[in-house]
Amino acid sequence: MKAILLLAAIFLVVGLGACATRPPLATVPSVDLRRYAGTWHEIARYPNWFQRKCTGPATAEYTPLPDGRIQVVNRCRRADGSMDSVTGTATVVPGSNKTKLKVGFGGPFRGDYWIIGLDQKNYSWALVGHPSRKFLWILARDPNLPDRTYNEIVALAVSKGYDASRIQRTDHP
């Protein structure tokens, strides 16, 4: 009987631990979207279905629009060498200090784009995630991010609840 009670207690503790939720994903304090605008090179990402055909360098270009929205142009190289691109728009989530965006590429669906890490001094790199932690991107102004900086960004992602083993570096020739 004691063994059964002990086993039940172990399952209860393990089960409660599995039910524990991570804290909400924290963003950077604020973002200056004029400084954030421009071209970013994808350094690494979590694999995702909508980039499955991207096998080479990928970029994201952000351009502020007069109405306050942001034009988003994502480009990547396919296995056959051709370029793929998609254009959409982003809007700032009210009350987020411009750290949370809703991005859409046509149709009714808009995705969460949260800036969870940023080189505040030079805006030379950014860590972008999703509140579910199912999506992650490491972006930089230069396609050749130093290894030390890359490792620091990965450590930041891990501290925010991301799995480093899922991060895949993007090939740059």
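Only a predicted model underlies this, so the values are computations on that prediction, with no experimental measurement involved.

Caption draft 1: Spotlight on the state of the cysteines. Per the counting criterion, the structure on display carries one disulfide. Covalent S-S linkage joins C54 and C76, the inter-sulfur distance amounting to 2.0 Å. Judged by the sign of its S-S torsion, about -70 degrees, the bond between C54 and C76 is left-handed. With C54 in strand β2 (residues 54–64) and C76 in strand β3 (residues 70–78), this pair connects stretches of sequence that are 22 residues apart. Residues C54 and C76 agree in their burial class; the two are buried.

Caption draft 2: Looking closely at the pattern of salt bridges. Across all of its chains, the model carries seven salt bridges by this definition. Measuring nitrogen to oxygen at the nearest pair gives 3.2 Å for the salt bridge that ties E61 to R75. Linking E61 in strand β2 with R75 in strand β3, this pair joins segments that are 14 residues apart in sequence. Judged by relative accessible area, which is 33%, R75 ranks as partly exposed. For R69, the salt bridge goes to D67, with nearest N and O atoms at 2.7 Å. Under the relative-accessibility criterion, R69 is labelled partly exposed at 32%.

Caption draft 3: The pairing of β2, seen in detail. Judged from the four bridges that link them, strand β1 (residues 38–45) and β2 form a sheet pairing that is antiparallel. Residue pairing in the sheet places W40 in a bridge with A60 of β2. Bridging between β2 and β3 involves eight bridges; their strand directions are antiparallel. Bridge pairing in β3 places T59 opposite R75. Counting the residues that bridge the hairpin from β2 to β3 gives five residues, and of these G68 lies at a positive phi of roughly 95 degrees.

Caption draft 4: A look at the packing of aromatic side chains. Enumeration according to the criterion identifies eight aromatic pairs in this entry. On the numbers, 5.4 Å between centres and 70 degrees between planes, the contact of Y46 with Y162 is edge-to-face. Of this pair, Y46 sits in the loop between β1 and β2 while Y162 sits in the loop between α3 (147–159) and β9 (168–169); the two residues are 116 residues apart in sequence, bridging distant segments of the chain. The exposure class of Y46 is buried, given its relative accessible area of 2%. Residues W49 and F50 carry aromatic rings whose centres are separated by 5.3 Å and whose planes lie at 90 degrees to one another, so their mutual orientation is edge-to-face. For W49, a relative accessible area of 60% translates into the label exposed.

About the cut-offs
Residue numbers here run from 1 along each chain, matching the order of that chain's written sequence. The predicted origin of the model limits local features to residues at a pLDDT of at least 70 and limits the giving and counting of side-chain atom pairs to 80 or more, whereas totals for whole chains, interfaces and linings rest on all residues. Heavy atoms throughout the structure, all of them, feed into the side-chain values; hydrogens and water do not. The definition used for a disulfide is geometric: two cysteine sulfur atoms within 2.5 Å. The helix count covers DSSP runs of H or I at least four residues long, the strand count covers runs of E at least two residues long, and both are numbered beginning at the N terminus. To sort residues, take the accessible area from a 1.4 Å probe on protein chains only and compare it with the maximum for the residue type: under 20% means buried, over 50% means exposed, and anything in between is partly exposed. A pair is scored as a salt bridge if a Lys or Arg side-chain nitrogen falls within 4 Å of a carboxyl oxygen belonging to Asp or Glu. By the convention used here, strands pair only if DSSP detects at least 2 bridges between them. Centres within 6.5 Å make a pair out of two Phe, Tyr or Trp rings, where for Trp the six-membered ring is used; the pair is then stacked when the planes are under 30 degrees apart, edge-to-face when over 60, and tilted otherwise.

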